[in-house]
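Residue-level structural notes
In case you want the letters, here they are:
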Amino acid sequence: MSGKVFKVVAVSGSTSRPSRTLAVTEALLSGLRTQLPVEPHLIELGEIAPVLSGVLSRPDAPAALELQLRAIEEADALIVASPVYRASYTGLFKHLFDLVHHEALIDVPVLLAATGGSERHALMIDHQLRPLFSFFQARTLPIGVYASGRDFHDYAIASPELLARIGLAVERAVPLVREASRFVSPVAAKVA
Ligand SMILES: Cc1cc2nc3c(=O)[nH]c(=O)nc-3n(C[C@H](O)[C@H](O)[C@H](O)COP(=O)(O)O)c2cc1C
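Below, the structure is looked at part by part. (Residues numbered from 1 in each chain as written. Predicted model: local features only at pLDDT ≥ 70, side-chain atom pairs only at ≥ 80, totals over all residues. Heavy atoms only, no water.)

Let us now look at the pattern of salt bridges. Using the criterion set out here, one finds ten salt bridges in the structure. We note a salt bridge from Lys94 to Asp98, for which the minimum N-O separation is 2.8 Å. Taken together, the residues span about one helical turn, with Lys94 and Asp98 both in helix H4 (residues 91-98) at a distance of four residues. On the accessibility criterion, Lys94 (29% relative accessible area) is partly exposed. By sharing partners, the salt bridges in this structure join Arg58, Glu66, Arg70 and Glu73 into a single network. (Salt bridge = Lys/Arg side-chain N within 4 Å of Asp/Glu carboxyl O. Helix = DSSP H or I, 4+ residues; strand = E, 2+ residues; numbered from the N terminus. Buried < 20%, exposed > 50% of the residue type's maximum accessible area, 1.4 Å probe, protein only.)

This is the structure in structure tokens:
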């Protein structure tokens, strides 16, 4: 048993609170924490939005935002979740990842999640989120988690099906996160 503690960064892409996306993000993060030694880092887009929205290039990022970008770039694994806005992730979610170095996520496992008003945009995970993280050459995990309005009561998860899906996503993520942490790609090492 290595004593490795996994740096897991979770990004919740909602700009409002309370937030269903945040509830799913936190459930995924705490699920991983039950099965792996994890150093968790949660980024809520709503909290960094006032600064993030005014930063158009990385050198302009103030220290507090730079800290969050570094956390993403140095993560052993990411959980990324966004509400569906107009059939995609939110503009600010994309803007955050536009500021992340294009080689910093090579081979990093990324667990994808989204919430929407209805079931109709469940494929946002595979049609929008997955290609974005494929661009980064990240290892997008096979099981994504999608939740719609009826999975929640007062912004808390209320559906056994959603909890089961979260459990499955976590269970499937754990061996892949362990495996990825043993593999350091030459490009990733160079970037670091
Ligand atoms: C500007 C805007 C656009 C939205 N577009 C969609 C959409 O295209 N498809 C959908 O299913 N839900 C859509 N919704 C609903 C949200 O995705 C849904 O309520 C989500 O769970 C909100 O997440 P939050 O509680 O974390 O903020 C939209 C909501 C807003 C505010």
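Summary: where empty space remains is shown by rolling a probe the size of a single water molecule over the atoms. On inspection of all chains with the given rule, the structure shows one cavity of 30 Å³ or more. Reported here for the largest cavity is a volume of approximately 30 Å³. Val8, Leu32, Ala77, Leu78, Ile79, Pro109, Leu111, Leu141, Ala173 and Val177 together form the lining of the largest cavity. Contributions of two or more residues to the lining of the largest cavity are made by strand S3 (77-83), strand S4 (109-116) and helix H6 (160-182). Looking at which element gives the most residues to the lining of the largest cavity, the answer is S3, with three residues. (1 Å grid on protein atoms, 1.4 Å probe; cavity = no way out; pocket = protein on both sides within 12 Å on 5 of 7 lines; lining within 4 Å. Points joined across faces, edges and corners; volume = space filled by probe spheres on them.)

Another point: the site of the ligand. Around the ligand, a shell composed of 17 residues is seen, among which Ser14, Ser19, Thr21, Val84 and His121 lie nearest. In this structure, Ser16 approaches the ligand through a side-chain N or O atom, which is 3.4 Å from an oxygen atom. Burial of the ligand by the protein chains amounts to 73% of its free accessible area of 650 Å². Contributions of two or more residues to the shell around the ligand are made by helix H1 (20-35) and S4. Here the shell around the ligand is composed, by residue class, of six nonpolar, nine polar and two charged. (Near = heavy atom within 4 Å. Polar contact = N/O pair within 3.5 Å; in protein donor to acceptor, adjacent residues only side chain to side chain. Areas by Shrake-Rupley, 256 points an atom, 1.4 Å probe, with all protein chains shown as cover. Nonpolar A, V, L, I, M, F, W, Y, C, P; charged D, E, K, R; others polar.)

Geometric values such as these leave the question of function open.
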